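Listed here are the chains, written in short residue letters.
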Amino acid sequence: MQNLKQLIEHIAFDLGFHAVGITSANDIPESEEHFLSWRESGYAADMNYLLREDPPNAKPKKILSEAKSIITLLVSYYTKPPENPGPDYGRVAGYAVGLDYHSVLKNKINLFQEKLKKEFGDHFISKGFSDSVPLLEKSFARNSGLGFMGKNTLIINKPFGSYFFICEIISNLEIDDGRGLSRQSPTGTCGKCTRCIDVCPTEALDIEEKNK
């Protein structure tokens, strides 16, 4: 059988995913601490699903007890806006253009899992999702080596910027990605750039980030 990481990459690109990374399914307590601090500051507002006790956000084994690795997949949603859409069209977020991404990505994830199931049979155990379980997707995408956390609070990836969906497959596979599944340091930085903060129409981004 070909190298497991190469097999995963081949399946991912064959199914139309645009980037793939791998990290361990170990807890990331620093990300959990950041989330709890964010929540305590009131930023969860009335999103009650974020207020549960002892959330599994940074603990993949609470979602799949046999978890050993996380395969993170990116799908770009960038769509070039029309130059002159006319007076009857409003402004729509880029990720909302087209079909419901939940359904589209779920189908892709299911196909990915099916292909791995064919390779490993009943030994293969996994759970796959995108934006449907309380997992800190951005933190695991960062740890998978797929980008760094930008001042816009999103993962910034080269060459896709922040215009992508994140999918995860938590599995019981022990995957040697050549780095021992150790945590990967974020690559890149926003530097002194504050363009996202300057143009945010609701001033939702932290102004203190300008000074970092």
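Along every chain, residues carry numbers that run from 1 in the direction the sequence is written. Per-residue local features are limited, in this predicted model, to residues with pLDDT of at least 70; the limit for side-chain atom pairs, both in listing and counting, is 80 or more; totals at the level of whole chains, interfaces and linings are taken over all residues. For side-chain calculations, the full set of non-hydrogen atoms in the structure is used, while hydrogens and water are omitted.

Trainee: Could you clarify how one ought to interpret the pattern of salt bridges in this entry?
Mentor: Once their charged atoms are close, side chains differing in charge can pair, the charge on each being opposite to the other. Salt-bridge detection follows one rule: a side-chain nitrogen of Lys or Arg within 4 Å of a carboxyl oxygen of Asp or Glu. One pass over the full model with this rule turns up five salt bridges. Among the salt bridges present, the one from Lys62 reaches Asp54, with a minimum N-O distance of 2.8 Å. Accessible area is worked out with a 1.4 Å probe on protein chains only. A residue is then buried under 20% of its type maximum, exposed over 50%, and partly exposed in between. What makes Lys62 partly exposed here is its relative accessible area of 44%.

Trainee: Got a minute to help me understand the state of the cysteines in this structure?
Mentor: Simply put, the disulfide is a covalent bond whose two ends are the sulfur atoms of two cysteines. Criterion for a disulfide: a pair of cysteine sulfur atoms at a distance within 2.5 Å. Overall, the coordinates contain zero disulfides when judged by the stated rule. Cysteine Cys190 remains unbridged, with the sulfur of Cys196 as its closest cysteine sulfur at 6.3 Å. A relative accessible area of 21% places Cys190 in the partly exposed class.

Trainee: So what exactly am I meant to see when it comes to the packing of helix 1 (residues 4-14) against helix 3 (residues 101-120) here?
Mentor: Geometry of a packed helix pair, given as the angle between the helix axes and the separation of the axes. The axes are straight lines fitted to the C-alpha atoms, using for helices just the contacting stretch, and the angles between their N-to-C directions are given from 0 to 180°. Starting at the N terminus, helices and strands are each numbered in turn, a helix being any DSSP run of H or I of at least four residues and a strand any DSSP run of E of at least two. In the contact formed by helix 1 and helix 3, the axes pass within 10 Å of each other and the chain directions differ by 145°. In the packing of helix 1 onto helix 3, the handedness of the crossing is right-handed. Listed contacts from helix 3 to Leu4, Leu7, Ile8, Ile11, Ala12 and Asp14 of helix 1 are Phe112, Lys115, Leu116, Glu119 and Phe120. Note on convention: the crossing is left-handed when the near helix lies turned anticlockwise from the far helix by less than a right angle, right-handed when the turn is clockwise. Whether two residues are in contact is decided by their heavy atoms: any pair within 4.5 Å suffices.

Trainee: Before we go on, may I ask you to explain the packing of aromatic side chains in this structure?
Mentor: The geometry of an aromatic ring pair comes down to the distance between the two centres and the angle between the two planes. When the centres of two rings from Phe, Tyr and Trp lie within 6.5 Å, Trp using its six-membered ring, the rings pair. Their planes under 30 degrees apart give stacked, over 60 give edge-to-face, and anything left gives tilted. As enumerated under the stated definition, the model contains nine aromatic pairs in all. Aromatic pair Tyr78 and Tyr163: ring centres 5.5 Å apart, planes at 80°, arrangement edge-to-face. Taken together, the residues Tyr78 in the loop between strand 2 (69-76) and helix 3 and Tyr163 in the loop between strand 5 (155-156) and strand 6 (164-171) connect sequence positions 85 residues apart. Aromatic ring contacts, followed pair by pair, group Tyr77, Tyr78, Tyr95, Tyr101, Tyr163 and Phe165 into a single cluster. For a lysine, the NZ atom is tested; for an arginine, the CZ atom; a charge sits over a ring if that atom is within 6 Å of the ring centre and within 35 degrees of the ring normal. Across the ring face of Phe17, the terminal group of Lys108 is positioned such that the distance to the ring centre comes to 5.5 Å.

Trainee: What is the right way to read helix 3 from this model?
Mentor: Helices are assigned an expected span. That span is 1.5 Å times one less than the residue count. Look at helix 3: 28 Å from first C-alpha to last across 20 residues, which is about the 28 Å you get at 1.5 Å a residue. Among all positions in helix 3, only Tyr101, Leu105, Lys108, Ile109, Phe112, Gln113 and Leu116 are buried. Buried residues of helix 3, viewed axially, fall in a sector of 135°; they line one side. The arc under discussion is defined with respect to the helix axis, by the directions toward the C-beta atoms.

Trainee: Any chance you could explain the nonpolar core here in plain terms?
Mentor: Counting 24 residues, the largest nonpolar core has Ile8, Phe17, Ile71, Leu73, Phe112, Leu116 and Ile175 as the members making the most contacts within it. Looking at this core, the elements that each hand over two or more residues are helix 1, strand 1 (19-24), strand 2, helix 3 and strand 6. Every residue in contact with Ile8, bar those within four places of it in the chain, is listed here: Val20, Ile22, Ile71, Phe112, Leu116 and Ile175. As used in this record, nonpolar core signifies buried Ala, Val, Leu, Ile, Met, Phe, Trp, Tyr and Cys residues forming a set joined through side-chain atoms within 4.5 Å. Listed in part, the 15 residues of the second largest apolar core include Ile28, Leu50, Ala58 and Ile63.

Trainee: Honestly, the sheet that holds strand 3 (residues 126-129) in this entry has me stumped. Any pointers?
Mentor: Strand pairing in a sheet takes place through backbone hydrogen bonds and is either antiparallel or parallel in direction. One open sheet holds the four strands; their spatial order is 1-2-6-3, and the pairing between them is antiparallel. Strands with a single pairing partner mark the edges of an open sheet, and in this sheet they are strand 1 and strand 3. When strand polarity is set aside, the average angle formed by the axes of neighbouring strands in this sheet is 20°. Here strand 1 runs beside strand 2; their pairing, made up of six bridges, is antiparallel. Residue pairing in the sheet places Val20 in a bridge with Leu73 of strand 2. Along the sheet face, helix 1 touches strand 1 and strand 2 and points at about 140° away from the line of strand 1. For two strands to be treated as a pair, DSSP must find at least two bridges joining them.

Trainee: For this particular structure, what's the right way to read the environment of Asp14?
Mentor: Relative to the assigned elements, Asp14 resides in helix 1. We classify Asp14 as exposed; its relative accessible area is 53%. For the pair Asp14 and Phe112, spaced 98 residues apart in sequence, the C-alpha to C-alpha distance is 9.6 Å.

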